[in-house]
Amino acid sequence: MVELLAPAGNFISLRAVLENGADAVYFGLEDYNMRANAKNFSLDDLSEVASITKEYGAKTYLGTNIILNEKLACELESNLERIASSEIDGLILSDIGMIEDTVSHGLEAHISVQENVTNSYTLKTLKKLGAKRAILSRELSLSEITEITSKSPIETEIFVHGAICMAISGRCFLSYGLYGRSANCGDCLQPCRKNWTLTYEEGEDNVVNFSDVEDERFIVTGSDDASYRTNFFSPKDMCMIEYIPELMKSGVASFKIEGRARSADYGAMVTGIYREAIDSYSENPDEYNVKPEWMEELTSVFNRGFDTNFYFNTPFERSEDNQSKYIKRDIGQVVNYYNKVKAAELRIWDDLRIGDKIIIQGQTTGSITHTIDSMQIEGKSVDYVDKGSNVAIAMPTKVRENDFVYKLVERNIDD
C-alpha cells in the first residue's frame, strides 16, 4: 500500500490530517525548513509530535530542507542527538552531506525535492550514501517516474496535490532579488503569484511577441497605460485525484500533499479525499471510479485552480489566484461540550442558521467540518441565532472548550 504523506504546520493541522487518514506527516523545525513563514515546531515540541502521531500508527518526517550554510549545518548536526531522542522517524534533507550523520543517529534520511533527483543513477548513489527515500523532481512526467522507480534501489516519493513553484525544484531567486528574502532558505514572499506588468520600448528589440501563436497559455493583456499584464510566473495548483490508478501503478512508495503553510481544514479536507481514493482503488481496482464530489470538495478550500503539472508532459494553465468557492469567517468559540447528549455550546459573534456549514478547530480536536442541523437556546429549538448569543448545536464529534469556530461563506467572485 502506498503511503499518504500529509503536511502539518502546527498541532491543529497535525491532528486534522491524522484524523483524516494520513499514514505519515511531515513538518518543519524553526530555522531549518522551506516554510519559514509557517508557524512550525520547536525542538521542545518534537517528542509531543512523535507521541501524538504514534497514537495513529503513523510516521513522522522532519523537514530540514533549506540550503544549509556552514553555521546552520553545524547547528543541525549538533541537534541530531536531541532530534533522534524525540523518536521521530526521519529527516527530509536537501543536503547530501547530512545523510551519514542522520543515519548514524538512527533516523531515516529522505532526500528533498530540492535535490532535483531526475534519474536512477542519482538514486543508486544516494543508496550508497545511506538514504532510504528520495522525493523525485516535480519536472518529471509520469512515464519517467515509473521507469526511474522501477530501477531505483531506494523508495521514491512524489507530490500529488498542492502549490507548484515556477522554478525547477523550487530553486528560485526572485524573492531574494526583489526583497532580500531567500526562497532557498525557506523565506519566500512569493512575488511570482502577483499580477506582473510588462513594459517595452518601441524598436527592433521588442520583448512582447505579437506573432500569430494559437497557444495562449501565457496571455499578455494590454492596458490603457500602454503596459501589459500577465500571471505567467504563477502556475495552477497540482491536483492528481483523477489519476490515482495511474499513480499507484508507478511503484512509488509515497504520495505527498503540499501545504504546511495552509490551514488545518485544508489539510483535513485534502487528506481525507486522497485517503478515500487510495483505499477505494486498493480494495477493488477493477471497480474504481472517481467520485464527482471529490473535486467539488477540493475546490471548496483554498486553491489557485487545478492542473496536472508535468505528469503528462507540460502544465497547460497559469494561476489566477485563489479559486475556492468559500471563505472562512471567524464567528465564535466553543464554551463547552456535553458528551451525554453530543452537543456543543458556542459563543458566537456572527449570525448562525440551520444549514450553515461551520469548521471547528483546536489543538486536540484538529479540524472538523459540520453542517448545522439542530440548534437550541435555553432548551428551545431555533432556526436562526443573532450574533452575541450562546447557542447549543447538535455535534456528533467531540469538540473542546476554547476551540475556534468558523463559518464557510460563499465567495463573491470579486473577493
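Residues numbered from 1 in each chain as written. Predicted model: local features only at pLDDT ≥ 70, side-chain atom pairs only at ≥ 80, totals over all residues. Heavy atoms only, no water.

### So, the overall build of the protein chain
And then number 1: Looking only at helices and strands, the protein chain features ten helices and 23 strands.
And then number 2: The buried share of the protein chain, reckoned over its 415 residues, is 50%.
And then number 3: In the protein chain, the proportion of contacts linking residues at least 24 apart, taken out of those at least 6 apart, comes to 67%.
And then number 4: Accessible area of the protein chain: about 20,200 Å², with a carbon and sulfur share of 46%. (Helix = DSSP H or I, 4+ residues; strand = E, 2+ residues; numbered from the N terminus. Buried < 20%, exposed > 50% of the residue type's maximum accessible area, 1.4 Å probe, protein only. Contact = heavy atoms within 4.5 Å. Areas by Shrake-Rupley, 256 points an atom, 1.4 Å probe, with all protein chains shown as cover.)

### Observations regarding the sheet that holds strand β22 (residues 390-394)
And then number 1: What the eight strands build is an open sheet, ordered β18-β17-β23-β14-β15-β22-β19-β20; its pairing is antiparallel. Two strands in the sheet have a free side with no partner beyond their single neighbour: β18 (366-371) and β20 (380-382). Across this sheet, the average inter-strand angle for adjacent strands is 35°, counted without regard to direction.
And then number 2: Pairing of strand β17 (residues 357-362) with strand β23 (residues 404-410), which is carried by four bridges, proceeds in the antiparallel orientation. Residue pairing across strands places I358 opposite K407, the latter belonging to β23.
And then number 3: Where helix α1 (residues 11-19) meets the sheet, its contacts fall on β17 and β18, and the angle it forms with β18 comes to roughly 65°. (Pairing = 2+ DSSP bridges. Axes fitted to C-alpha atoms, helices over the stretch in contact; angles between N-to-C directions.)

### Details of the pattern of salt bridges
And then number 1: Under the defined criterion, the tally for this structure stands at 18 salt bridges.
And then number 2: The salt bridge partner of E108 is K59, with a shortest N-O separation of 2.7 Å. Placement of the pair is E108 in strand β5 (residues 108-111) and K59 in strand β3 (residues 59-64), with a sequence separation of 49 residues.
And then number 3: In this structure K59 comes out as partly exposed when scored by relative accessible area, which is 25%.
And then number 4: One salt bridge connects E155 with R133, and the closest N-O pair in it is separated by 2.9 Å. Of this pair, E155 sits in strand β7 (residues 155-162) while R133 sits in strand β6 (residues 133-135); the two residues are 22 residues apart in sequence, bridging distant segments of the chain.
And then number 5: Here R133 falls in the buried class, since its relative accessible area comes to 3%.
And then number 6: Salt bridges sharing common partners tie together E3, R133, E155, E157 and K256. (Salt bridge = Lys/Arg side-chain N within 4 Å of Asp/Glu carboxyl O.)

### Some points on the environment of D44
And then number 1: Mapped onto the elements of the fold, D44 is located in the loop between β2 (24-28) and α2 (46-55).
And then number 2: Through-space distance from the C-alpha of D44 to that of S86 is 8.9 Å; in sequence the pair is 42 residues apart.

### Observations regarding helix α3 (residues 70-85)
And then number 1: Over its 16 residues, α3 extends 24 Å from the first C-alpha to the last, a length consistent with the 22 Å expected when each residue adds 1.5 Å.
And then number 2: Considering bend angle alone, the principal kink of α3 is centred on N79 and spans about 45°.
And then number 3: Buried within α3 are the following residues: L72, A73, L76, N79, L80, I83 and A84.
And then number 4: As for α3, its buried residues are in contact with α2, β3, β4 (90-93) and α4 (99-104).
And then number 5: Capping of α3 at its N-terminal end is provided by N69; its side-chain oxygen lies 3.2 Å from the backbone amide nitrogen of K71.
And then number 6: The positive-phi residue at the C-terminal boundary of α3 is E87, with phi of around 75°. (Expected span 1.5 Å × (residues − 1). Bend = angle between axes of the 7 residues up to and from the residue. Polar contact = N/O pair within 3.5 Å; in protein donor to acceptor, adjacent residues only side chain to side chain.)

### Quick word on the pairing of β23
And then number 1: Across seven bridges, strand β14 (residues 326-338) lies against β23 in antiparallel orientation. From the neighbouring strand, K328 faces β23, where its bridge partner is L408.

### Concerning the pairing of β2
Sheet faces and side chains relate simply in a regular strand, where the side chains alternate between the two faces.
And then number 1: Among the five residues that make up β2, five are buried, leaving the element largely enclosed by the rest of the structure.
And then number 2: Pairing of strand β1 (residues 3-8) with β2, which is carried by four bridges, proceeds in the parallel orientation. By the bridge assignment, A6 is partnered in β2 with V25.
And then number 3: What joins β1 to β2 is α1, and the crossover it makes is right-handed.
And then number 4: Relative to β3, β2 is paired through five bridges, and the arrangement is parallel. (Right-handed = clockwise from strand over helix to strand, strands pointing away.)

### So, α1
For an α-helix the count is 3.6 residues per turn, leaving residues at separations of three or four pointing the same way.
And then number 1: Taking burial as the measure, the nine residues of α1 include eight buried ones, the bulk of the element.
And then number 2: Looking at the packing, one finds that the buried side of α1 touches β1, β2, α2, α9 (264-283), β17 and β18.
And then number 3: Residue N10 occupies the N-cap position of α1, its side-chain oxygen lying 3.1 Å from the main-chain nitrogen of I12.
And then number 4: Backbone geometry just downstream of α1 places G21 in the positive-phi region, at approximately 105°.

### Description of unusual backbone geometry
And then number 1: Positive phi, normally seen in glycine, also occurs at K342, with a value near 50°.
And then number 2: Its place among the elements puts K342 in the loop between β14 and β15 (343-348).
And then number 3: According to the relative accessible area criterion, K342 is partly exposed, its value standing at 46%.
And then number 4: Positive phi outside glycine occurs at E378, with the angle close to 50°.
And then number 5: Here E378 is to be found in the loop between β19 (375-377) and β20.
And then number 6: Accessibility expressed as a relative area gives 81% for E378, which makes it exposed.

### Observations regarding the packing of aromatic side chains
And then number 1: Counting across every chain of the model gives five aromatic pairs.
And then number 2: Consider the rings of Y243 and F312, whose centres lie 4.8 Å apart with planes at 55°: the pair is tilted. A residue pair is termed long-range when its members are at least 10 positions apart, and Y243 in the loop between β11 (237-239) and α8 (244-248) and F312 in the loop between β13 (306-307) and β14 qualify at 69 residues.
And then number 3: For Y243, a relative accessible area of 25% translates into the label partly exposed.
And then number 4: The class of F312 is partly exposed, set by a relative accessible area of 37%.
And then number 5: Members of the aromatic cluster, each reached through a chain of ring pairs, are F11, F27 and F41.
And then number 6: Its end group placed over the ring of Y121, K124 keeps NZ or CZ at 5.3 Å from the ring centre.
And then number 7: One cation-aromatic arrangement involves R138 over F159; the distance from NZ or CZ to the ring centre is 4.3 Å. (Phe/Tyr/Trp six-rings, centres within 6.5 Å; stacked < 30°, edge-to-face > 60°. Lys NZ or Arg CZ within 6 Å of the ring centre and 35° of its normal.)

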